Amino acid sequence: MSLALAPAVVVQRSTPMRDAIELVVHHPPSAAAVKPGQFFQLAVAAPQTILRRPYSAAWADPQGGRIGFIFNVVGAGSGWLAVRHEGHELDLLGPLGRGFSLEGERPVICMAGGLGVAVFPGVVQALVARKRRVTMLLGARTSSQLLPADRFTGADVLTATDDGSAGYHGSVVNLFTSTLRGRVGVEAVDILTCGPTPMLQALIENVRQLGLPLESIQVALETPMGCGVGTCLGCAIPRAGGGYLLSCIDGPCVRADRIDWGRMTDAFHG
Ligand SMILES: Cc1cc2nc3c(=O)[nH]c(=O)nc-3n(C[C@H](O)[C@H](O)[C@H](O)COP(=O)(O)OP(=O)(O)OC[C@H]3O[C@@H](n4cnc5c(N)ncnc54)[C@H](O)[C@@H]3O)c2cc1C
Ligand code: FES
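What counts, and where the lines are drawn
By convention here, each chain's residues receive numbers from 1 onward along its written sequence. Chain letters and ligand numbers both follow the written order, the letters beginning at A and the numbers at 1. The predicted nature of this model means local features are confined to residues of pLDDT at least 70 and side-chain atom pairs, given and counted, to a pLDDT of 80 or more, with totals for whole chains, interfaces and linings taken over all residues. Side-chain figures throughout are based on the complete set of non-hydrogen atoms in the structure, without hydrogens or water. A strand pair is defined by DSSP finding two or more bridges across the two strands. Helix and strand definitions here come from DSSP, where helices need a minimum of 4 consecutive H or I residues and strands a minimum of 2 consecutive E residues; each element is numbered from the N-terminal end. Cavity and pocket criteria rest on a 1 Å grid covering protein atoms alone: a 1.4 Å probe that fits but cannot get out defines a cavity, protein on both sides within 12 Å along at least 5 of 7 lines defines an open pocket, and an atom within 4 Å of a point defines a lining residue. Grid points are joined across faces, edges and corners, and a volume is the space filled by probe spheres set on the points. Note that Gly is not counted as nonpolar here; it falls among the polar residues with everything else outside the nonpolar set of Ala, Val, Leu, Ile, Met, Phe, Trp, Tyr, Cys and Pro and the charged set of Asp, Glu, Lys and Arg. Throughout, the edges of the domains are those of an automatic or database domain assignment. Three labels apply to residues, based on accessible area from a 1.4 Å probe with only protein chains included: buried if under 20% of the type maximum, exposed if over 50%, partly exposed otherwise in between. Here a polar contact is taken to be a pair of N or O atoms separated by no more than 3.5 Å, where protein atoms must pair a possible hydrogen donor with a possible acceptor and residues adjacent in sequence count only if both atoms sit in side chains. Contacts between residues were defined by any pair of non-hydrogen atoms, one from each residue, lying within 4.5 Å. By definition, disulfides here are pairs of cysteine sulfur atoms that lie within 2.5 Å. Helix axes are fitted to C-alpha atoms over the stretch in contact, other axes to C-alpha atoms as well, and angles between N-to-C directions run from 0 to 180 degrees. How far a helix is expected to stretch is found by multiplying one less than its residue total by 1.5 Å. Any residue with a heavy atom lying within 4 Å of a molecule or strand is counted as near it. Per-residue and other accessible areas follow the Shrake-Rupley method at a 1.4 Å probe size, with only the shown protein chains counted as cover for residues.

Caption draft 1: The sheet that holds strand β7 (residues 89–90), seen in detail. Sheet architecture is open: 5 strands sit in the order β5-β6-β2-β1-β7, paired in antiparallel fashion. Edge positions in the sheet fall to β5 (59–61) and β7, since each of these pairs with one other strand and no more. Pairing of strand β2 (residues 21–26) with strand β6 (residues 66–71), which is carried by 6 bridges, proceeds in the antiparallel orientation. Directly across from Ile21, in β6, lies its bridge partner Phe71.

Take a look at the structure:
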């Protein structure tokens, strides 16, 4: 972990898609240290909030010393972050947790539901740099909530929307099974995914039905967290074979066969 000793400074604020905000911060030690899939605990100074809030690094630019965060407003902490502007300071703790394992030669399918997309610009960039063939599947309620395809240079981008306003009409998991099944040798792919727990559950179910090994899937969990560093035990998820994993130190990127999906309920939501 590269603990941020000096605060990061917001250098850019934008709206990359409807209902989302992207903050770019300048903090060279963190930008140099972070790996795709890792997260930071961001201090928020909203009234009556005590805990930091966990956010994935969407991407990092080690040369320029910059990191991007993409998020939506769901409560006090994200509401406070949403009104940070250029010149404001941000206190980052991190990078934390385990990122995705990106090694290998097989084609990769990245699958994002909703704001789960936030982790993928940097992941795709790193995979493409490793010369891996990448298909990015993006799912959202409607077209304006899709992160633009030009954020995934070098990947084939396919979209799914619940209302049919762009791409496949339906869920991103159905896009995966119905469209890609005949097109790609799905038995020989790695799958990296992030999204709401019901989406992950549906993916696991479909992958089982397709007879694919769960080991080929890595999940970026967004389990609500307290400390982010393994001490509060607030981020436990059920481990295959019994017991629990801690999302913040065993994850957030975890191989799907390490999770007991039968015990993974909305109590462990993300
Ligand atoms: C490792 C990790 C990485 C994350 N990366 C991102 C990211 O890149 N972009 C992004 O937008 N969000 C991300 N999240 C989710 C983000 O941390 C929460 O949305 C945020 O902490 C909410 O804080 P708040 O004070 O705004 O809302 P709160 O007031 O704390 O909560 C508001 C509502 O949101 C629900 N909620 C809180 N946390 C979560 C969660 N983790 N999952 C689902 N519902 C939640 C609460 O139950 C409540 O109903 C990530 C979470 C984790 C664990
Ligand atoms: S968030 Fe505290 S142990 Fe994981």
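Caption draft 2: Geometry of the layout of surface pockets. Computed from the structure, the second largest pocket encloses a volume of approximately 290 Å³. Lining the second largest pocket are 18 residues, and of these Val34, Lys35, Pro36, Gly122 and Ala126 lie nearest its centre. Tallied by class, the residues present in the lining of the second largest pocket amount to 12 nonpolar, 4 polar and 2 charged. Here the lining of the second largest pocket gathers at least three residues from each of two domains, domain 1 (8–96) and domain 2 (108–219).

Caption draft 3: Summary view of the side chain of Ser78. By the element assignment, Ser78 lies in helix α2 (residues 76–82). On the accessibility criterion, Ser78 (4% relative accessible area) is buried. A distance of 3.2 Å separates the side chain of Ser78 from the backbone nitrogen of Gly75, its partner in a polar contact. Excluding residues that lie within four positions of it along the chain, Ser78 makes contacts with Tyr55, Phe71, Asn72 and Val73.

Caption draft 4: Structural context of the side chain of Thr223. Within the fold, Thr223 resides in the loop between β14 (217–220) and β15 (236–238). According to the relative accessible area criterion, Thr223 is buried, its value standing at 5%. Polar side-chain contacts of Thr223 include one of 2.8 Å to the side chain of Ser247.

Caption draft 5: View of the state of the cysteines. Here the structure, examined in full by the defined rule, presents 0 disulfides. With no disulfide of its own, Cys194 lies closest to Cys253 among cysteine sulfurs, the gap being 7.8 Å. On the accessibility criterion, Cys194 (1% relative accessible area) is buried. Take Cys253: its relative accessible area is 7%, and that puts it in the buried class.

Caption draft 6: How the structure looks around the sheet that holds strand β8 (residues 92–96). An order of β4-β3-β8 is seen for the 3 strands of this open sheet, with the pairing classed as antiparallel. At either end of the open sheet lies a strand with only one pairing partner, and these are β4 (53–56) and β8. Across the sheet, the axes of successive neighbouring strands diverge by a mean angle of 25°, strand direction being ignored. Two elements, strand β3 (residues 39–42) and β8, share 3 bridges in a ladder whose sense is antiparallel. Bridging across to β8, Phe39 finds its partner in Leu96.

Caption draft 7: Examining helix α3 (residues 120–129) more closely. For α3, the tally of buried residues reaches 7 of 10 residues, placing the bulk of the element in the interior. Within α3 the residues assigned to the buried category are Phe120, Pro121, Gly122, Val123, Val124, Ala126 and Leu127. Packing partners of the buried residues in α3 comprise β5, β9 (108–113), β10 (134–140) and β13 (190–194).

Caption draft 8: Quick look at empty space enclosed by the protein. By the definition in use, this model includes 2 cavities of 30 Å³ or more. In terms of lining, the second largest cavity is formed by Ala112, Gly114, Val117, Leu138, Gly139, Ala140, Gln145, Leu146 and Leu147. Classifying every residue of the lining of the second largest cavity by side-chain character gives 6 nonpolar, 3 polar and no charged.

Caption draft 9: Molecular detail of helix α5 (residues 197–209). The first and last C-alpha atoms of α5 sit 18 Å apart over 13 residues, in line with the 18 Å expected at 1.5 Å per residue. Of the positions making up α5, those classed as buried are Thr197, Met199, Leu200, Leu203, Ile204, Asn206 and Val207. Downstream of α5 by a residue or two, Gly211 has a phi angle that is positive, lying close to 75°.

Caption draft 10: Highlighting the environment of Ala160. On the secondary structure map, Ala160 appears in strand β11 (residues 156–161). Between the C-alpha atoms of Ala160 and Gly113, which are 47 residues apart in sequence, the distance is 9.3 Å. Setting aside anything within four residues of it in sequence, one finds Ala160 in contact with Leu138, Gly139, Ala140, Leu146, Ala166, Tyr168, Gly170, Ser171, Val172 and Leu175.

Caption draft 11: Broad picture of the site of ligand 1. Taken together, 23 residues lie near ligand 1, and Arg53, Pro54, Gly77, Ser78 and Glu222 sit nearest. Ser56 is positioned such that a nitrogen or oxygen atom in its backbone is 3.1 Å from a nitrogen atom of ligand 1. The backbone of Gly77 places a nitrogen or oxygen atom 2.7 Å from an oxygen atom of ligand 1. When the free accessible area of ligand 1 is taken as 890 Å², the share hidden by the protein chains comes to 75%. Elements with a contribution of two residues or more to the shell around ligand 1: β4, β6 and α2. Take the shell around ligand 1: its biggest share by element is 4 residues, from β4. Residues belonging to the shell around ligand 1 are distributed by class as follows: 13 nonpolar, 8 polar and 2 charged.

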